[in-house]
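This is what each chain is made of:
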2 protein chains.
Amino acid sequence: MKFLHTSDWHLGRQFHNVSLLDDQKVVLEQIIDFMRSNPIDALVVAGDIYDRSVPPTAAIEVMNHFVNVVCGELHVPVILIPGNHDGAQRLGFGAEQLKQAGLHIIAHFDDMLQPVVIHTEQAGDVAFYGMPYNDPEIVRHYYQQSVSTHDDAHQLLCEKIREQFHPEQKHILISHCFVDGAMESESERPLSIGGSDRVNHQHFVDFDYVALGHLHQPQYKGESYIRYSGSIMKYSFSEQHQKKGMTLVEINQQGFHSATHIDLHAPHQMRILEGELNTLLECGKSDPKADDYLLVRLMDQHAILDPMEKLRAIYPNVLHLEKPGMLIGVEQEMGKARLARGELDMFKDFFLEAQQSDLTPEQEAVVTQVIQTLTRHGEE
Amino acid sequence: MKFLHTSDWHLGRQFHNVSLLDDQKVVLEQIIDFMRSNPIDALVVAGDIYDRSVPPTAAIEVMNHFVNVVCGELHVPVILIPGNHDGAQRLGFGAEQLKQAGLHIIAHFDDMLQPVVIHTEQAGDVAFYGMPYNDPEIVRHYYQQSVSTHDDAHQLLCEKIREQFHPEQKHILISHCFVDGAMESESERPLSIGGSDRVNHQHFVDFDYVALGHLHQPQYKGESYIRYSGSIMKYSFSEQHQKKGMTLVEINQQGFHSATHIDLHAPHQMRILEGELNTLLECGKSDPKADDYLLVRLMDQHAILDPMEKLRAIYPNVLHLEKPGMLIGVEQEMGKARLARGELDMFKDFFLEAQQSDLTPEQEAVVTQVIQTLTRHGEE
């Protein structure tokens, strides 16, 4: 039997004040397209469906459409758990009724112990156990046991789940957590402060497959069947080289058989461009993906008038601009006198940009005097 | 066939900074108890399930429990529309899936034209049409027709619904609106500013029953089958004499048969107490409902030290205090001199309360001087 493991959708996320919802819609359509041509037995979302506990209504509508197609048209069961970004109670409304239509939202500890069992000829009964994301304090309070870390919580919850194991069944776990030693990305929100959020992968070894969420880079940790599918798209510039997608998992009579990464392609990639302004503008003219979401690092060492406007004429979605070239200039300047001279140089660059001509000696004398007056004034 | 018509639950409402959720829970339990002993064919909620578009999670959990019992245990279909307090998209998540389990959330115009049809021996097929609450602008935009008022919108939407009528069926409409001429209460939020929110009841006469929401007082308007069930509990002190509850509707082969008001009792009533402090405190000792939510109007004409504390020792839930007796005193004072004497009198009252003794002549002279100084100071 085959199922798709995805996680970290973060529907409704904003990135540098740009809504990513249209990109997310396209990616969800790719998941649907894949399912249309590759019949699967279930779709798993390992948490962070939404980016916040109170998602924008537009994000709810996107999710609603997705569910209508997958459960309603394709008749593929969807099994999901809330992540640390989701609001479990809010997400869990109607869970009892929704599961009758194939949407399984596992938002409470009670639900955790009642697996979603899918029967297939290839693998027999496959039981999906969802562990909804919870702070250790909640686990301690609910079970009235000594639990202070995420690791303690996972040990306890995995024990509770193992007690439900049926020897005839295959066992899949869905969890939203940080497995110790796995690789972080910049766009994840820490589960707790101070490192007590790490979980030992040993808790998971008795499962046939562990579908993890939280970390945004696809990876496995400890065993090849303990996996993060990664987020469905990039959520920070530092993820520019990560391959985003979902994981196609195959389970057979012996248990775990294979995990295959399936690429998903957001219409706008997140990329970092580095170089001098004129070079970047020139390259942009022949860049087929000039509308990607860009962080631009300008290496020019002189001031430029309104570089953002110039860049956006070629690259419409420059979202962030850094000027490390200017910092090099500043670092090289030593002492007050040279800094003052630096200010004059800066103004000369600005004047050239704005007026397309150099300062006359008279103008330069006036500007020098103004800078000196301002500098003295600053010292008083 | 019988169904229950309710509306205006406003789950999660705060009243003078007190959460009413515990009271609302008790009232919902009364609805459930009624259904356990009086089998019905459907439960209708005509909008304002929640008090706001983003309800508190505790309110969502109360609603979730209610739905689990009514749909899951009692197997009674629940048909609801969003009101002007609800967020239609948010409330409508999973509507396609939920209806398979008997929870019908009619949140979109498409759903409006697909009635929930319930077959009974007594009345044949009874079709429930829900008209989700919408501003006229939304209706105009969706249907691209000239619609500027709530009345225009209702005329158009009722026409659309009538086109779906099946002569063999009975037709029930659920709508959240303000029927012209009906009685308002203080706790309703206006649908629009300037009076264009009124709807003519003539749009509704072709239905067998019209289950209305929005107005908090149970009433019918125009025809006995065009009804407001009213809110399930009181939401303002001005509703102290209203009888809150729900409406049990009976439909037979001829159509509308009867509508019966069923009382619901919130644990805390909202009441206004009026009188002098000592009288109220004395009466409170033998008041079996001293823990009701109270607005107290103190008629005493002299100042009292910390009356709220004294009242709450007897009536723990005094939520608001008015002192019309003091206003009478102030209104009777004429001119600056008398106002100044009024301040001295006030201080005398305060001193008597605080010290259990009158001012000595020396003390009175000092206070008079202080008041004069302060008054002069205020005039400069």
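Residues numbered from 1 in each chain as written. Chains lettered and ligands numbered in written order. Predicted model: local features only at pLDDT ≥ 70, side-chain atom pairs only at ≥ 80, totals over all residues. Heavy atoms only, no water.

Here we come to the pairing of strand E16 (residues 255-263) of chain A. Residue and element names in this part refer to chain A. Across eight bridges, the pairing between strand E15 (residues 245-252) and E16 is antiparallel. Counted as the bridge partner of Ile 251 is Phe 256 from E16. The hairpin turn running from E15 into E16, its antiparallel successor, is two residues long. (Pairing = 2+ DSSP bridges. Helix = DSSP H or I, 4+ residues; strand = E, 2+ residues; numbered from the N terminus.)

All names here are of chain B. Within helix H9 (residues 307-314), burial applies to Pro 307, Met 308 and Leu 311. All buried residues of H9 lie within an arc of 95° about the axis, which places them on one face of the element. Exposed residues on H9 whose side chains face more than 90 degrees from its buried face are Glu 309 and Ala 313. (Buried < 20%, exposed > 50% of the residue type's maximum accessible area, 1.4 Å probe, protein only. Arc of directions from axis to C-beta.)

With that out of the way, let us pick up helix H7 (residues 150-162) of chain A. Structurally, the α-helix is built with 3.6 residues per turn, so residues lying three or four positions apart point the same way. Residue and element names in this part refer to chain A. Over its 13 residues, H7 runs 18 Å from end to end, which matches the ideal 18 Å to within 8%, given 1.5 Å per residue. Along H7, the residues that are buried comprise His 150, Ala 153, His 154, Leu 156, Leu 157, Cys 158, Lys 160 and Ile 161. Where H7 is buried, its residues touch helix H5 (109-112), strand E8 (124-131), helix H6 (136-143), strand E9 (170-176) and strand E11 (198-199). (Expected span 1.5 Å × (residues − 1). Contact = heavy atoms within 4.5 Å.)

The next subject is empty space enclosed by the protein. All chains considered together, the criterion is met by three cavities of 30 Å³ or more. Approximately 330 Å³ is the volume found for the largest cavity. Partitioning the lining of the largest cavity into residue classes produces 10 nonpolar, four polar and six charged. (1 Å grid on protein atoms, 1.4 Å probe; cavity = no way out; pocket = protein on both sides within 12 Å on 5 of 7 lines; lining within 4 Å. Points joined across faces, edges and corners; volume = space filled by probe spheres on them. Nonpolar A, V, L, I, M, F, W, Y, C, P; charged D, E, K, R; others polar.)

When chain B is fitted to chain A, the best match, at an RMSD of 0.1 Å, comes from turning it 180° and sliding it 0.1 Å along the axis. The transformation just described matches what one would write down for a two-fold rotation axis. Considering only C-alpha atoms, the residue of chain B closest to the rotation axis is B:Leu98, which sits at 2.7 Å. (Least-squares fit on C-alpha atoms with pLDDT ≥ 70 in both.)

So, about the environment of A:Gln169. Residue and element names in this part refer to chain A. Within the element layout of this structure, Gln 169 appears in the loop between H7 and E9. With a relative accessible area of 14%, Gln 169 lands in the buried category. Separated by 45 residues in the primary sequence, Gln 169 and Gly 124 have C-alpha atoms spaced 6.9 Å apart. Discounting chain neighbours no more than four positions away, the residues touching Gln 169 are Val 117, Asp 125 and Ala 127.

The subject of this paragraph is the sheet that holds strand E13 (residues 219-221) of chain A. All names here are of chain A. As summarised here, the arrangement of the six strands in space is E7-E8-E9-E12-E14-E13, forming an open sheet in which the pairing is mixed. Because the sheet does not close on itself, it has two edges, and the strands there are strand E7 (116-120) and E13. Ignoring strand direction, the axes of neighbouring strands in this sheet form an average angle of 30°. One ladder, built from six bridges, connects E8 with E9; its direction is parallel. Considered in E9, the bridge of Gly 130 is made with Ile 174. (Axes fitted to C-alpha atoms, helices over the stretch in contact; angles between N-to-C directions.)

All names here are of chain A. In terms of domain boundaries, chain A breaks down into domain 1 (2-263) and domain 2 (270-379). The centre of domain 1, based on its C-alpha atoms, is set 46 Å off from the matching centre of domain 2. Across the contact, 12 residues belong to domain 1 and eight residues belong to domain 2. Summed over the shared surface of domain 1 and domain 2, the number is zero salt bridges. At the junction of domain 1 with domain 2, the criterion picks out two residue pairs in polar contact (both at pLDDT 80 or more). Here the residues of the side of domain 1 that touches domain 2 are counted per class, giving six nonpolar, four polar and two charged. (Domains from an automatic or database assignment. Salt bridge = Lys/Arg side-chain N within 4 Å of Asp/Glu carboxyl O. Polar contact = N/O pair within 3.5 Å; in protein donor to acceptor, adjacent residues only side chain to side chain.)

This next bit is on the pattern of salt bridges. All names here are of chain A. Tallied over the entire structure, the rule returns 32 salt bridges over all chains. Taking the shortest distance from any N to any O, the salt bridge between Glu 239 and Lys 244 comes out at 3.0 Å. Glu 239 sits in the buried class, given a relative accessible area of 0%. A residue is classified by how much of its surface remains accessible, and Lys 244, at 5% relative accessible area, is buried. Here the salt bridges do not stand alone but share partners, grouping Arg 271, Asp 287, Lys 289 and Asp 292 into one network.

All names here are of chain A. At a minimum axis distance of 11 Å, the contact between helix H1 (residues 21-37) and helix H2 (residues 57-73) shows a crossing angle of 5°. One element, H1, and the other, H2, form an angle in the roughly parallel class. Contacts between H1 and H2 pair Leu 21, Lys 25, Leu 28, Glu 29, Ile 31, Ile 32, Met 35 and Arg 36 from the former with Ala 58, Ala 59, Val 62, His 65, Phe 66, Val 69, Val 70 and Glu 73 from the latter. Considered class by class, the residues forming the contact of H1 with H2 number 11 nonpolar, one polar and four charged. (Parallel < 35°, antiparallel > 145°, perpendicular 65-115°, else oblique.)

Our next topic: the interface of chain B and chain A. Between chain B and chain A, the contact holds 25 residues from the first and 25 residues from the second. A buried area of about 2100 Å², summed over both sides, lies between chain B and chain A, and 64% of it is on carbon and sulfur atoms. It is B:Arg90, B:Phe93 and B:Gln97 that lose the most area in chain B upon contact with chain A, and together they represent 35% of the buried surface on that side. At the boundary of chain B and chain A, one finds zero salt bridges. Inspection of the region where chain B meets chain A yields six residue pairs in polar contact (both at pLDDT 80 or more). When residues of the side of chain B that touches chain A are traced back to their parent elements, those giving at least two are helix H2 (57-73), helix H3 (88-91) and helix H4 (95-98) of chain B. Ranked by the residues each element gives to the side of chain B that touches chain A, the list is headed by H2(B), at eight residues. For the side of chain B that touches chain A, the class distribution of residues is 13 nonpolar, nine polar and three charged. (Buried area = accessible area lost by both parts, 1.4 Å probe.)

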